[in-house]
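Listed here are the chains, written in short residue letters.
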Amino acid sequence: MNTPNTMELRRQAEAELAQRQAAQPPDGPNLADQQRLMHELQVHQIELEMQNESLRQTQSELQAALQRYISLNDHLEEMVAQRTAELVAAKEAAETANIAKSAFLANMSHEIRTPLNAVSGMGYLIRQEGVTPLQSAWLSKLQIAGDHLLGIVNAVLDMAKIESGKFELEEVPIRIESLLGNVASMLQDKVLAKKLKMFIEVQDLPISLLGDPVRVQQALTNYAANAVKFTEEGTITLRARVTEETAENVLIHFEVEDSGIGIAPEILPKLFASFEQGDNSLTRQYGGSGLGLAITRKLARLMGGDAGVHSAPGVGSTFWFSAQLLKGGTTTLPSPNLPVGELEAFLQRELPGHRILLAEDEAINREITKLLLEDVGQIVDTAEDGIEAVAQAGRIDYDLILMDMQMPGMDGLDATRRIRRGTHNSQTPILAFTANAFVEDKVHCFEAGMNDFITKPVLPRVLFEALQKWLTKP
């Protein structure tokens, strides 16, 4: 900032004095006038010096403020850079932890499902050989325990997949009446054992709909199984009706009403939270992981709906969920599921003698699956790893290949790719037969060239239905 200095002010004042003297009459001013003018000049000079000092002080303060601003800005930039680095590190750590969690869950799923497959399959084979009534009862309890353990594994995996955003819904033809019938059929033995009555009510549903039948049935089964568990006498009713409809889709409202013990109002808000039950003491009395209702609500919201409950102690409960389904798909109704005994008879009578390659590294599971296939009249070759499977598929034309995913030496994915590139079996149906149950596992199997995906532990019915489907294809 430019300010006049004292010498300049003095020269200005002297110039002003000289002008005044020149303007005086020839006889000049008297001494009093000269003294007065000098006094005014000095006062004016002092005032100017004070103004100049004030300007210098203001300039100094502005420079100090500017310096503080520059320092603060530099500090803020350092803080932003540091915080950004911390956020990047936290994001990378979270991603690493998520990958580790997914890998852990996938490994645990595989390690639990593999022996469960042996337990389930061996129990079925023992029963097929003929057992006493007492042994049959023991086998039934063994099957119930295995199903319960599998249900817990599936629930934990479903919750993990939903929370990680890796959960995918299918859009395939779906028939609501069939799903309600399936749920009632699965629970029929338990309903009869408790002398309950179960009803199904369906109101004017469109026939041609698209959705995920597995997940809709899963949500219904969660509700219905709870209704049976908490109802000692009376009735259970499964309902479905359309509540909203557009040209493209419908919103279907599902209900499971029971005459059970009911739920206190203060407990209702906790019911749909993960790992919660209405009363923790109920876990000991009735069992359960506390995940079923949480998964049902998450499934409903993924399907464009929601879930909730109306209940009163001693009166009963009505659990509901809604799902948005697309209009369209085939109008052909699915054929009813055959009982497993009829499936066996059909395969033995109509589809015997097909040559099947079973690639499985676990000896017990290999033995059980081979026996199941041979019991329905199939010819089975086995391979203990992917390398052996590729070698055998390179020599023999097979009608069907069952391929384990996780094997030593060469996994099922790489083995499938190599078989598809060969001259033999490039078009043969290859079915993933695996304990790896994640969505990405299924995607990887189809990308490698497989035609279907069967998870362990596999029920004999599921295996036989796969044979019926793929061995009848032209």
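Check the entry above for the structure.
Residues numbered from 1 in each chain as written. Predicted model: local features only at pLDDT ≥ 70, side-chain atom pairs only at ≥ 80, totals over all residues. Heavy atoms only, no water.

A. Focus on the overall build of the chain. Within the chain, the regular secondary structure consists of 14 helices and 12 strands. For the chain, the residues scored as buried account for 38% of the 474 residues in total. Looking at the chain alone, contacts between residues at least 24 apart form 72% of all its contacts between residues at least 6 apart. Surface exposure of the chain reaches about 26,200 Å², of which carbon and sulfur atoms provide 55%. (Helix = DSSP H or I, 4+ residues; strand = E, 2+ residues; numbered from the N terminus. Buried < 20%, exposed > 50% of the residue type's maximum accessible area, 1.4 Å probe, protein only. Contact = heavy atoms within 4.5 Å. Areas by Shrake-Rupley, 256 points an atom, 1.4 Å probe, with all protein chains shown as cover.)

B. Main features of unusual backbone geometry. A cis amide bond links lysine 456 with the next residue in sequence, proline 457, at an omega value of -5 degrees. Relative to the helices and strands, proline 457 is located in the loop between strand S12 (452-455) and helix H14 (460-471). A positive phi angle is found at lysine 195, which is not glycine, with a value near 60 degrees. Tracing the backbone shows lysine 195 in the loop between helix H5 (188-193) and strand S2 (197-203). A positive phi is found at aspartate 204, a non-glycine position, where the angle reads about 40 degrees. Following the sequence through the fold, aspartate 204 ends up in the loop between S2 and strand S3 (209-211).

C. Fine view of the pattern of salt bridges. Under the criterion given, the structure shown has 20 salt bridges. Between lysine 442 and glutamate 170 there is a salt bridge; the shortest N-O distance is 3.6 Å. With lysine 442 in helix H13 (residues 439-448) and glutamate 170 in the loop between helix H3 (133-163) and strand S1 (172-174), this pair connects stretches of sequence that are 272 residues apart. Of the residues examined, lysine 442 reaches a relative accessible area of 32% and is grouped as partly exposed. (Salt bridge = Lys/Arg side-chain N within 4 Å of Asp/Glu carboxyl O.)

D. View of the side chain of glutamine 378. Mapped onto the secondary structure, glutamine 378 falls in the loop between helix H10 (363-375) and strand S9 (379-383). Using a relative accessible area of 5% as the deciding quantity, one classes glutamine 378 as buried. In this structure the side chain of glutamine 378 is engaged in a polar contact, spanning 2.8 Å, whose partner is the backbone oxygen of leucine 351. Contacts of glutamine 378, omitting those with residues within four sequence positions, involve Leu347, Leu351, Pro352, Gly353, His354, Ile356, Leu373 and Leu471. (Polar contact = N/O pair within 3.5 Å; in protein donor to acceptor, adjacent residues only side chain to side chain.)

E. Representation of H14. Helix length check: H14, at 12 residues, gives a terminal C-alpha distance of 16 Å against a target of 16 Å (1.5 Å per residue), a fit within 8%. If you check which residues of H14 are buried, you get Pro460, Leu463, Phe464, Ala466, Leu467, Trp470 and Leu471. Projected onto a plane normal to the axis of H14, the buried residues spread over an arc of 155 degrees and lie on a single side. (Expected span 1.5 Å × (residues − 1). Arc of directions from axis to C-beta.)

F. Structural context of the packing of helix H11 (residues 386-393) against helix H12 (residues 412-421). Contact geometry of H11 with H12 gives a least axis separation of 9 Å together with a crossing angle of 15 degrees. Comparing their axes, H12 and H11 come out roughly parallel. For the crossing formed where H11 meets H12, the hand is right-handed. In this structure, H11 contributes Gly386, Ala389, Val390 and Ala393 to the contact, and H12 contributes Ala415, Arg418 and Ile419. Per-class residue counts for the contact of H11 with H12 are 5 nonpolar, 1 polar and 1 charged. (Axes fitted to C-alpha atoms, helices over the stretch in contact; angles between N-to-C directions. Parallel < 35°, antiparallel > 145°, perpendicular 65-115°, else oblique. Left-handed = near helix turned anticlockwise from the far one by under 90°. Nonpolar A, V, L, I, M, F, W, Y, C, P; charged D, E, K, R; others polar.)

G. Structural detail: the nonpolar core. If you look at the biggest cluster of nonpolar residues, it comprises 45 residues, and the most contacted ones within it are Ile176, Ile252, Phe254 and Phe321. For this core, the secondary structure elements donating two or more residues are H3, helix H4 (176-186), helix H6 (213-229), strand S4 (235-245), strand S5 (249-258), helix H8 (292-302), strand S6 (307-312) and strand S7 (316-327). Considering every element that reaches this core, the biggest residue donor is H6, with 7 residues. Counting residues in hydrophobic clusters, the runner-up holds 25 residues, among them Leu125, Ile356, Leu358 and Leu471. (Core = buried A, V, L, I, M, F, W, Y, C linked by side-chain atoms within 4.5 Å.)

H. Broad picture of the pairing of S6. Bridge count for S6 against S7 is 6 bridges, and the pairing is antiparallel. Bridge pairing in S7 links valine 309 to phenylalanine 319. (Pairing = 2+ DSSP bridges.)

I. Structural view of the packing of aromatic side chains. Under the counting rule described, the total for this entry stands at 4 aromatic pairs. Their ring planes at 40 degrees and their centres at 5.4 Å tell us that tyrosine 223 and phenylalanine 319 sit as a pair that is tilted. Residue tyrosine 223 is found in helix H6, and its partner phenylalanine 319 is found in strand S7; the two are separated by 96 residues along the sequence. For tyrosine 223, a relative accessible area of 2% puts it in the buried group. Summarising the aromatic geometry, the rings of tyrosine 223 and phenylalanine 321 are spaced 5.9 Å apart at their centres and angled 55 degrees between planes, so their arrangement reads as tilted. Taken as a pair, tyrosine 223 in helix H6 and phenylalanine 321 in strand S7 lie far apart in primary sequence, 98 residues in all. On the basis of relative accessibility, which here comes to 0%, the residue phenylalanine 321 falls in the buried class. Among the aromatic residues, those joined into a ring-pair cluster are Tyr223, Phe254, Phe272, Phe319 and Phe321. (Phe/Tyr/Trp six-rings, centres within 6.5 Å; stacked < 30°, edge-to-face > 60°.)

J. Quick look at H6. With 17 residues, H6 ought to run about 24 Å at 1.5 Å a step, and its terminal C-alpha atoms sit 24 Å apart, in line with that. Burial analysis of H6 places 12 of its 17 residues in the buried class, the great majority of the element. At the N-terminal end of H6, a side-chain oxygen is found 3.2 Å from the backbone nitrogen of valine 214, two or three residues along, and the residue is aspartate 212.

K. Structural context of the sheet that holds strand S8 (residues 355-359). Read from one edge of the open sheet, 5 strands run S9-S8-S10-S11-S12, paired in parallel fashion. At either end of the open sheet lies a strand with only one pairing partner, and these are S9 and S12. Taking each pair of neighbouring strands and ignoring which way they run, the sheet shows an average axis angle of 20 degrees. Pairing of strand S11 (residues 430-434) with S12, which is carried by 4 bridges, proceeds in the parallel orientation. Each bridged residue has a counterpart across the sheet, and for leucine 431 the counterpart in S12 is aspartate 452. Across the sheet, H11 lies against S8, S9 and strand S10 (400-403), angled at about 135 degrees from S9, the strand it touches most. Lying on the sheet, H13 is in contact with S11 and S12; it crosses S12 at an angle near 140 degrees.

L. View of the side chain of threonine 296. Here threonine 296 is to be found in helix H8. With relative accessibility at 0%, the residue threonine 296 sits in the buried group. Reaching out from threonine 296, the side chain makes a polar contact with the side chain of asparagine 222 at a distance of 3.1 Å. Each residue touching threonine 296, except ones within four places of it in the same chain, is listed here: Ala219, Asn222, Tyr223 and Phe321.

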